[in-house]
Amino acid sequence: MKAAFFKEHGGSDRILYGDYPDPVPGPGEAVVRVRACALNHVDLLLLDGRFPPPEGLPHVNGCEVAGVVEEVGAGVAGVGRGQRVVVFPGFSCGRCEYCLRGARTVCLQYGYLGAHKDGGYAELVKVPAANLLPLPDGVSFEQGAALPLAMLTAWHALVAQADVRPGQTVLVQAAGSGVGSAAIQIARLCGARVMTTVGSDDKVELARALGAERVVNYRTGDFVEAAKAWTGKRGVDVVVEHIGGDTFERSVYALTRLGTLVTIGSHDTHWGRLDLRHVYSKNLRIVGTNLGSIVELRQVLEHVVAGRLRPVIDRTFPLAEARAAVQYVLDRKNRGKVLLIP
Ligand SMILES: [Zn+2]
């Protein structure tokens, strides 16, 4: 098969396009013909070596895949060749203490498609058959590939972790990102009011169209002051944060008493200072989260079918132009998801 892979860490110029070994399904596994694969921030970490692929190089990135089942291994039931599917990207053992508690995303052997195994920047990808969900007819492959990481992570963060309620106020960082564009819509679906940040004024219109009531350009404005003004000095109930560093540090000041900061990524840096006085005196909750469950992905799909959630797709690139697609994301030109089409 053809794949976009890398044998050395570095920038987008390290991505090669060419022949790569065909995946062969083992027992309980399926091979999916990729019809669309979305790019993610984690791809960039895997590429540049900040998060080296655990199985070593060469490696194929790509966590979010929609496609058609090509072949199934021994013992696979309920899914067969030709079926349209979306791949749930999390791998877990099902046996450790945390899996047994129902918290599979903190499994002792947790892994992601495209990180711990070769992913979807390829014509074919191998996955556990248990990770396949039928892709409803009303959802395109492009839409399907924009859901399993960004939309699901935002869903789990807001619905399961922050427990957002109607009438609450939510600050979503970075409306132009996959997670940000998803979080705005999900918070609105929960009945909350939403404020968001953007890095350039040309993203303001997108943020408003998604349902944000107040949009702040974080390069030219102060989002803490804006959050205070927007809530009549009270502060917001929830912040969805995935940037890290100064953005994380200052997000705490935007929260009201009993507020919740959900951290779901670290796009700029893994580090962030915390003003503990605000955490204890205001009884704040700082909650970490990653991904969600396959059941939640099914719920997200139902909302997409019903038109209540809409994955924001910026543009597609042919798989052969994966290098250009990665550079486009590195340059932060995207407004929503960028997809590769084999
Ligand atoms: Zn486990």
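Please refer to the structure placed before this passage.
Presented here is an overview of the structure given in this document. Source: prediction; values computed, not measured.

We now examine the pattern of salt bridges. Under the defined criterion, the tally for this structure stands at 17 salt bridges. A salt bridge links glutamate 55 to lysine 117; the shortest N-O distance between them is 3.0 Å. With glutamate 55 in the loop between helix 1 (41-48) and strand 4 (64-72) and lysine 117 in the loop between strand 7 (111-112) and strand 8 (124-128), the pair connects residues that are 62 residues apart, well separated along the chain. Note on glutamate 55: relative accessible area 57%, which makes it exposed. Residue lysine 117 is classed as partly exposed on the basis of its relative accessible area of 39%. When the shortest N-O distance is used, the salt bridge between aspartate 163 and arginine 165 registers 2.9 Å. When salt bridges with common partners are traced through the structure, they connect Arg33, Glu70 and Arg81 into a single cluster.

Glancing now at the nonpolar core. With 102 residues, the main nonpolar core has Tyr121, Leu132, Leu158, Val170 and Ile186 as its most contacted residues. Considering every element that reaches this core, the biggest residue donor is helix 4 (residues 147-161), with nine residues. Each residue touching leucine 158, except ones within four places of it in the same chain, is listed here: Asp163, Val164, Val170, Ala183, Ile186, Ala187, Val238 and Val240. Counting residues in hydrophobic clusters, the runner-up holds 17 residues, among them Met195, Val216, Ala226 and Leu255.

Within the secondary structure, aspartate 275 sits in the loop between strand 14 (255-263) and helix 9 (276-281). Judged by its relative accessible area of 11%, aspartate 275 falls in the buried class. Within the structure, aspartate 275 has its side chain in polar contact with the side chain of arginine 277 (distance 2.7 Å).

Along helix 7 (residues 223-230), the residues that are buried comprise Phe223, Val224, Ala226, Ala227 and Trp230. Looking down the long axis of helix 7, one finds its buried residues gathered within 160° of arc, a one-sided arrangement. Projecting away from the buried face of helix 7 at angles above 90 degrees are the exposed residues Glu225 and Ala229. Two or three places before valine 224, at the opening of helix 7, aspartate 222 has a side-chain oxygen 2.8 Å from that residue's backbone nitrogen. At the C-terminal side of helix 7, glycine 232 shows a positive phi close to 65°.

Relative to the 21 Å expected for 15 residues at 1.5 Å per residue, helix 4 spans just 18 Å between its end C-alpha atoms, considerably shorter than the ideal helical length. Extensive coverage of helix 4 is indicated by the burial of 12 of its 15 residues. Among the residues making up helix 4, those that are buried are Leu147, Pro148, Leu149, Ala150, Met151, Leu152, Thr153, Ala154, Trp155, His156, Ala157 and Leu158. Aspartate 163, located one to two residues past helix 4, shows a positive phi value of around 50°.

A word on empty space enclosed by the protein. All chains considered together, the criterion is met by one cavity of 30 Å³ or more. Taken as a whole, the largest cavity holds about 40 Å³ of empty space. Lining the largest cavity we find Ala146, Ala150, Met151, Gly178, Ser181, Ala182, Pro311, Val312 and Lys337. Looking at the lining of the largest cavity, the elements with two or more residues in it are helix 4 and helix 5 (178-189). A total of three residues in the lining of the largest cavity trace back to one element, the largest contributor, which is helix 5. Partitioning the lining of the largest cavity into residue classes produces six nonpolar, two polar and one charged.

Evaluation of the coordinates by the stated rule reveals three aromatic pairs. Residues phenylalanine 5 and tyrosine 20 carry aromatic rings whose centres are separated by 5.1 Å and whose planes lie at 45° to one another, so their mutual orientation is tilted. Taken together, the residues phenylalanine 5 in strand 1 (residues 2-6) and tyrosine 20 in the loop between strand 2 (15-19) and strand 3 (29-38) connect sequence positions 15 residues apart. Exposure remark for tyrosine 20: the relative accessible area of 12% places this residue in the buried category.

Conventions adopted
- Residues numbered from 1 in each chain as written.
- Predicted model: local features only at pLDDT ≥ 70, side-chain atom pairs only at ≥ 80, totals over all residues.
- Heavy atoms only, no water.
- Salt bridge = Lys/Arg side-chain N within 4 Å of Asp/Glu carboxyl O.
- Helix = DSSP H or I, 4+ residues; strand = E, 2+ residues; numbered from the N terminus.
- Buried < 20%, exposed > 50% of the residue type's maximum accessible area, 1.4 Å probe, protein only.
- Core = buried A, V, L, I, M, F, W, Y, C linked by side-chain atoms within 4.5 Å.
- Contact = heavy atoms within 4.5 Å.
- Polar contact = N/O pair within 3.5 Å; in protein donor to acceptor, adjacent residues only side chain to side chain.
- Arc of directions from axis to C-beta.
- Expected span 1.5 Å × (residues − 1).
- 1 Å grid on protein atoms, 1.4 Å probe; cavity = no way out; pocket = protein on both sides within 12 Å on 5 of 7 lines; lining within 4 Å.
- Points joined across faces, edges and corners; volume = space filled by probe spheres on them.
- Nonpolar A, V, L, I, M, F, W, Y, C, P; charged D, E, K, R; others polar.
- Phe/Tyr/Trp six-rings, centres within 6.5 Å; stacked < 30°, edge-to-face > 60°.

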